[in-house]
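Here's the letter readout for the chains.
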Amino acid sequence: MTPRHPLPDAARTGLRRPLVLTRAGMVAERISRTFWPLWTICLATLAALMMGLQDVLPLEVSWVLSLGVIVTAAWAIWHGIRRFRWPSEAEALARLDATLPGRPIAALSDQMAIGGNDPASRALWEAHVTRMAERIRAARPARPDLRMAARDPFALRYAALLAFAMALLFGSFWHVGSVTQIAPGGGQAAAGGPSWEGWIEPPAYTGLPSLYLADLPADSIDVPEGSRVTLRLYGEVGDLTVNETVSGTTDPEPASAPQHGFPVAQSGVIEVDGPGGRAWQVAMRPDAPPLVEVTGDPERATGGEFRQAFAARDDFGVVTGEARIMLDMERVDRRYGLAPAPDPRDPIVVDLPLPISGDRADFTGTLVETFSEHPWANLPVTITYEVEDERGQTGRSQPYEMDLAGQRYFDPLAQALVEQRRDLLWSRDNARRVADVLRAVSWQPAGLFPSETLYLRLRVLIRRLEAGLDVAPLTAEQQDEIAAELWAIAQEIEFGDLNDARERLERAQDRLSEAMENGADDAEIAELMQEMREAMNDYIEQLAREGQEQGDQQQAQGEMQEMTGDQLQEMMDEIQRLMEEDRMAEAQRLMEQLNRMLENMRVTQGQQRQQGEGQQAMEGLQDTLRDQQELSDDSFRDMQEGQQPGQQGQQGQEGRPSQQGQGQQGSRGQGQQGQGQQPGQGQGTEQGQGGEQSLADRQQALRQELNRQRGDLPGAGTEEGEAAREALGRADSAMEGAEEALREGDTPGALDRQAEALEALREGMRNLGEAIAQEQQQGRGQSQGQAQGAPGGQSRDPLGRQAGESGQMGSDQQLTGQDEVRRRAEELLGEIRRRSGEQDRPERELDYLRRLLERF
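In this report, we go over the structure that sits alongside the text. Quantities reported herein were computed from a predicted structural model and do not represent experimental measurements.

### Some points on the side chain of glutamine 308
Working step 1: Looking at the element boundaries, glutamine 308 is found in strand E11 (residues 306-313).
Working step 2: Taking relative accessible area as the criterion, glutamine 308 reaches 0% and is therefore assigned buried.
Working step 3: Among the polar contacts listed, one links the side chain of glutamine 308 to the backbone oxygen of glycine 296, at a separation of 3.2 Å.
Working step 4: If sequence neighbours within four positions are ignored, glutamine 308 has contacts with Val294, Gly296, Asp297, Pro298, Gly365, Thr366, Leu367, Ile383, Tyr385, Tyr400 and Met402.

Shown next as structure tokens:
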């Protein structure tokens, strides 16, 4: 609200600064609201000129756009002037007063309407004025409202501002001067005569800056190949001309054309002829094609992974690269499944690994790929490396001949399956031959396949392969499916999924033995040795766990510490070293020595388990013997008391509850496992039947428990073990006779049969103890026999080694053989080979020598 009366001078003095700033803000606010179209047009036009839009548009289009800009700018000026109003002081006071609580400026400008003569009213009014004056002292300038979203709903002002910012970053103010050539004669008037400008732009991938020719003296210029030259001539046509020999074109533009643009394709001269002209000798720096070369031999890494090192370089960096692998038909052994013409197959193309960050002008890398499942795996191939730069130039390495590294199989069955898979992928014409070979391989599966499931899978696969061959040839889809299944079966045979540590160790030993016979490179030897180390550690841990479960924790842990010590690791390292030195015979013998050590440890653990099983059997028979004795005592006591059958059992049970309960408890403890509740236990008393009936049920329960124990007795196959089983069989027959006598009420007859059962039980226990002792003695003798002839008085550990001087288990000597032993072994092996070559020897002897050679 505008004050109706002049503001007092004292109040105006305190509002001078806030009032001036508020009024200036109102001026900026009204200018922004009325002239925003004008400065939007100016920013957009300037951005277009700085980006050189006028240089690429046709002249007519430039004229139309220039006229449109002028008309639009004139309308914006007229629109702004027409709407702009200069803010008055009263408007500024009203804006400032609106920001203060209670509008004190308007209050100070007011006068009393009534009550001026009343002292009380006058005093109240003066107090009000004083309070408003204090509020004025806290006045602050009012902020202008510069928001224009309602007036510019499409945000054109922001678009123009963004374009101008881009022009500042990527454009140049030099481009604005070229607008003078739009108007005829304008350029001449501005420059005062003919003029020119030009620049050389190197390719963007070089990262080099542009060269402005007007700033360069008439001298030689060194520029990279592919640079772009731009020249513009201003003035009358013909005043300036351009002559050049760097583009090598046969159809150049007219020399007097106002604009020239051409690439630098060769060294030469660029000349601007005319007033202010200049000439340059241009030396083109050629962009050499990239180079790539192989820097290392191919390697077969873990899992058959292919690795090969390479190096590449280029003037300004390599962009892409690939390796192309082609089958070398001249070096392929075209026999058996490779004899037919191969099916058409595209070369293998893989991308080369390039540096993600850093300089690609000169770098080294390693191609890492897995080709194990490709039909060309382990076949002769040639590999060619190829790289490309930004200009599209390519560089190739010399074809490198090699065998395509892939997964190697050491299991003979897995080898056969993989070979037939390769033949099937080589040519679909091999389908019939592959089916016949697979049938021959799987003819006698016993001991050949790790599991029956794999054998059945292979047989099903053979039937699928043979089905339809007489009707139609094998299709590509069927070929791929069968090859994939053959690969899966071979993988499971070679590597498997064995849960038992012993089986994994045996598989690792078999694969290592096959590698010794077939030959393996260092990478494969290292991989197989690592597999064997892991399997051996798992096996030792499994034996330790089994020993702990049998209550021999301390002893098992001591043995495991021996097995995982430096001596065992030394043997493994020695085997690997001998294999890498191609001393396979010595490595095989050391492997056999290691196997014997592991077998000794397994036998020791087996003895511990057998001892635990025999102890359990003896304890069970002792419980049965005790229960039988108690039952016989109850029967004899009832007979002495001379009671009736119905009362004998009741009083006998009531007078001796603890004994009966103990007997039944013993029967349940040994007999209920796996059988549930024994028949007749506790039923005689609960049903109120006779004493002989209850005693007969107890006898039946003991007989059933004895039958269960007979099925788990150790010592099978030995004389003592069979004698124990025979004696326990007689005890079973006697118990059956005692049960029948008790049921018939013949207590004396029952006592006689129970006495026979007791005697047979004692004899069986005695024979069983002898059988267990004999097994333990045989186990110790076997362990000592495998200790390589050590004296019987010296202590041996589970590996058959002599105790060290320190008295602890283990050996103070090296496990590996000495040179003399190795030399003697080589002499013996050579003598066996010589004798096996003498065909006049008896056939039995030759067969024996051949078996020795196969084993050693």
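What follows continues from the structure just given.
### A short note on a negative patch on the surface
Working step 1: A surface patch of like charges, here negative, comprises Glu736, Glu740, Glu744, Asp746 and Asp752.
Working step 2: In terms of residue count, helix H23 (residues 719-744) provides more of the negative patch than any other element does, three residues in total.
Working step 3: Structurally, the position occupied by glutamate 740 is in helix H23.
Working step 4: For glutamate 740, a relative accessible area of 45% puts it in the partly exposed group.

### Concerning helix H11 (residues 431-441)
Working step 1: Turning to H11, its buried residues number three or more, namely Ala431, Val434, Ala435 and Leu438. Viewed end-on, H11 has its buried residues packed into an arc of 100°, placing them on one side of the element.

### Some points on the side chain of aspartate 314
Working step 1: Summarising the element assignment, aspartate 314 is placed in the loop between E11 and strand E12 (318-327).
Working step 2: Among the polar contacts listed, one links the side chain of aspartate 314 to the backbone nitrogen of phenylalanine 316, at a separation of 3.2 Å.
Working step 3: When neighbours within four sequence positions are excluded, aspartate 314 is seen to be in contact with Ala288, Pro289, Pro290, Ala361 and Asp389.

### What to know about the pairing of strand E6 (residues 259-263)
Working step 1: Covered by surrounding structure in E6 are His260 and Phe262 only, the residues Gln259, Gly261 and Pro263 on the alternate face being uncovered.
Working step 2: Two elements, strand E4 (residues 228-234) and E6, share five bridges in a ladder whose sense is antiparallel. Across the sheet, leucine 231 pairs through a bridge with histidine 260, a residue of E6.

### Let's talk about the sheet that holds strand E7 (residues 268-273)
Working step 1: Read from one edge of the open sheet, four strands run E3-E8-E7-E5, paired in mixed fashion. Either end of the sheet is taken by a strand with one partner, and the two such strands are strand E3 (220-224) and strand E5 (241-244). Averaged over neighbouring strand pairs, the angle between their axes works out to 25° when direction is ignored.
Working step 2: Two strands pair when backbone bridges link them, and E7 and strand E8 (residues 278-285) are joined in this way by five bridges, in the antiparallel orientation. When the sheet's bridge partners are listed, glycine 268 is paired in E8 with valine 282.

### Some words on the nonpolar core
Working step 1: Ranked by internal contacts, the top residues of the largest apolar core, which has 26 residues, are Leu367, Ile383, Tyr385 and Leu404.
Working step 2: Where this core is concerned, the elements lending two or more residues are E11, E12, strand E13 (348-351), strand E14 (362-369) and strand E15 (380-389).
Working step 3: For isoleucine 383, the residues in contact, after removing those within four places along its chain, are Phe306, Gln308, Ala323, Arg324, Ile325, Leu367, Gln398, Pro399, Tyr400 and Met402.
Working step 4: Among the nonpolar cores identified, the runner-up in size contains 25 residues, and Tyr409, Val418, Ala431 and Ala435 belong to it.

### Here's the deal with helix H13 (residues 476-494)
One turn of an α-helix holds 3.6 residues; hence residues three or four places apart share an orientation.
Working step 1: For H13, spanning 19 residues, the distance from its first C-alpha to its last is 27 Å, which sits close to the expected 27 Å at 1.5 Å a residue.
Working step 2: By the burial criterion, the buried members of H13 are Gln479, Ile482, Ala483, Leu486, Trp487, Ile489, Ala490, Ile493 and Glu494. All buried residues of H13 fall inside an arc of 170° around its axis, so they share one side.

### Points about unusual backbone geometry
Backbone phi values are negative for most residues with the exception of glycine, while trans is the configuration of most peptide bonds.
Working step 1: In this structure, alanine 155 takes a positive phi of about 55° despite not being glycine.
Working step 2: With respect to the helices and strands, the residue alanine 155 is situated in the loop between helix H7 (119-136) and helix H8 (156-170).
Working step 3: A residue is classified by how much of its surface remains accessible, and alanine 155, at 29% relative accessible area, is partly exposed.
Working step 4: Non-glycine residue tyrosine 336 carries a positive phi angle of around 55°.
Working step 5: Position of tyrosine 336 among the secondary structure elements: in the loop between E12 and E13.
Working step 6: Given a relative accessible area of 57%, tyrosine 336 falls into the exposed group.

### So, the sheet that holds E6
Working step 1: Strand order in the open sheet made by the four strands is E2-E1-E4-E6, with antiparallel pairing throughout. The two strands at the open ends of the sheet, each matched to only one other strand, are strand E2 (211-212) and E6.
Working step 2: Strand direction decides the pairing type here: strand E1 (residues 195-201) and E4, joined by seven bridges, are antiparallel. Counterpart to tryptophan 196 in the pairing with E4 is leucine 233.

### Focus: the packing of aromatic side chains
Working step 1: Counted according to the given criterion, the structure contains nine aromatic pairs.
Working step 2: Where tryptophan 196 meets tryptophan 280, the ring centres are 5.8 Å apart and the plane angle is 75°; that geometry is what we call edge-to-face. Taken together, the positions of tryptophan 196 in strand E1 and tryptophan 280 in strand E8 put the pair 84 residues apart, joining distant regions of the chain. Residue tryptophan 196 shares its accessibility class with tryptophan 280, and that shared class is buried.
Working step 3: Taking the centre distance of 5.4 Å and the plane angle of 65° together, the rings of phenylalanine 449 and tyrosine 455 count as edge-to-face. The same class applies to phenylalanine 449 as to tyrosine 455, namely buried.

### A look at the pattern of salt bridges
Working step 1: On inspection of all chains with the given rule, the structure shows 30 salt bridges.
Working step 2: One salt bridge connects arginine 422 with aspartate 423, and the closest N-O pair in it is separated by 3.0 Å.
Working step 3: As a salt-bridge pair, arginine 743 and aspartate 697 come within 3.2 Å of each other at their nearest N and O atoms. With arginine 743 in helix H23 and aspartate 697 in helix H22 (residues 691-710), this pair connects stretches of sequence that are 46 residues apart.

### Quick look at a positive patch on the surface
Working step 1: A cluster of basic residues, Arg82, Arg83, Arg85 and Arg151, forms a positive patch at the surface.
Working step 2: Mapping arginine 83 onto the fold places it in helix H4 (residues 59-83).

### A short note on a nonpolar patch on the surface
Working step 1: Taken together, the side chains of Met51, Leu162, Met166, Leu169 and Phe170 make up a nonpolar region of the molecular surface, amounting to roughly 580 Å² of accessible area.
Working step 2: Note on placement: phenylalanine 170 falls in helix H8.
Working step 3: Phenylalanine 170 sits in the exposed class, given a relative accessible area of 62%.

### Some details on the packing of helix H12 (residues 452-466) against H13
Working step 1: Two elements in contact, H12 and H13, have axes whose closest approach is 11 Å; the angle formed by their N-to-C orientations is 160°. The pairing of H12 with H13 is recorded here as roughly antiparallel in orientation. In this structure, H12 meets H13 at a crossing whose hand is left-handed. Note on element contacts: H13 touches H12 through Glu481, Ile482, Glu485, Leu486, Ala488, Ile489, Glu492 and Ile493, opposite Leu454, Arg457, Leu458, Leu461, Arg464 and Leu465.
Working step 2: Within the contact of H12 with H13, the residues separate by chemical class into nine nonpolar, no polar and five charged.

### Considerations on the environment of leucine 578
Working step 1: Positionally, leucine 578 belongs in helix H17 (residues 566-580).
Working step 2: Excluding anything up to four places from it in sequence, leucine 578 contacts Arg583, Glu586, Ala587 and Leu590.

### Quick notes on the environment of methionine 529
Working step 1: Assignment of secondary structure puts methionine 529 in helix H15 (residues 522-549).
Working step 2: Between the alpha carbons of methionine 529 and glutamine 509 there is a distance of 9.1 Å; along the sequence they are 20 residues apart.
Working step 3: In this structure, methionine 529 is in contact with Leu512, Met572, Ile575 and Gln576, ignoring residues within four places of it in sequence.

### Looking at the packing of helix H10 (residues 412-426) against H11
Working step 1: Packing of H10 against H11 brings their axes to within 9 Å, and their N-to-C directions diverge by 170°. It follows that H10 is roughly antiparallel to H11 by the angle criterion. Contacts between H10 and H11 involve Leu413, Ala416, Leu417, Gln420, Asp423 and Leu424 on the former and, on the latter, Ala431, Arg433, Val434, Val437, Leu438 and Val441.
Working step 2: In terms of residue class, the contact of H10 with H11 is built from nine nonpolar, one polar and two charged.

### Considering the pairing of E12
Working step 1: As paired strands, E12 and E15 are joined by nine bridges and run antiparallel to one another. Counted as the bridge partner of isoleucine 325 is isoleucine 383 from E15.
Working step 2: Relative to E13, E12 is paired through four bridges, and the arrangement is antiparallel. Residue pairing for E13: alanine 323 is matched across the bridge by valine 350.

Calculation notes
Residues numbered from 1 in each chain as written. Predicted model: local features only at pLDDT ≥ 70, side-chain atom pairs only at ≥ 80, totals over all residues. Heavy atoms only, no water. Helix = DSSP H or I, 4+ residues; strand = E, 2+ residues; numbered from the N terminus. Buried < 20%, exposed > 50% of the residue type's maximum accessible area, 1.4 Å probe, protein only. Polar contact = N/O pair within 3.5 Å; in protein donor to acceptor, adjacent residues only side chain to side chain. Contact = heavy atoms within 4.5 Å. Patch = residues over 30% accessible without salt bridge, like charges linked within 9 Å, V, L, I, M, F, W, Y side chains within 5 Å. Areas by Shrake-Rupley, 256 points an atom, 1.4 Å probe, with all protein chains shown as cover. Salt bridge = Lys/Arg side-chain N within 4 Å of Asp/Glu carboxyl O. Lys, Arg positive; Asp, Glu negative; His and termini not counted. Charge placed at Lys NZ, Arg CZ, Asp CG, Glu CD. Arc of directions from axis to C-beta. Pairing = 2+ DSSP bridges. Axes fitted to C-alpha atoms, helices over the stretch in contact; angles between N-to-C directions. Core = buried A, V, L, I, M, F, W, Y, C linked by side-chain atoms within 4.5 Å. Expected span 1.5 Å × (residues − 1). Phe/Tyr/Trp six-rings, centres within 6.5 Å; stacked < 30°, edge-to-face > 60°. Parallel < 35°, antiparallel > 145°, perpendicular 65-115°, else oblique. Left-handed = near helix turned anticlockwise from the far one by under 90°. Nonpolar A, V, L, I, M, F, W, Y, C, P; charged D, E, K, R; others polar.

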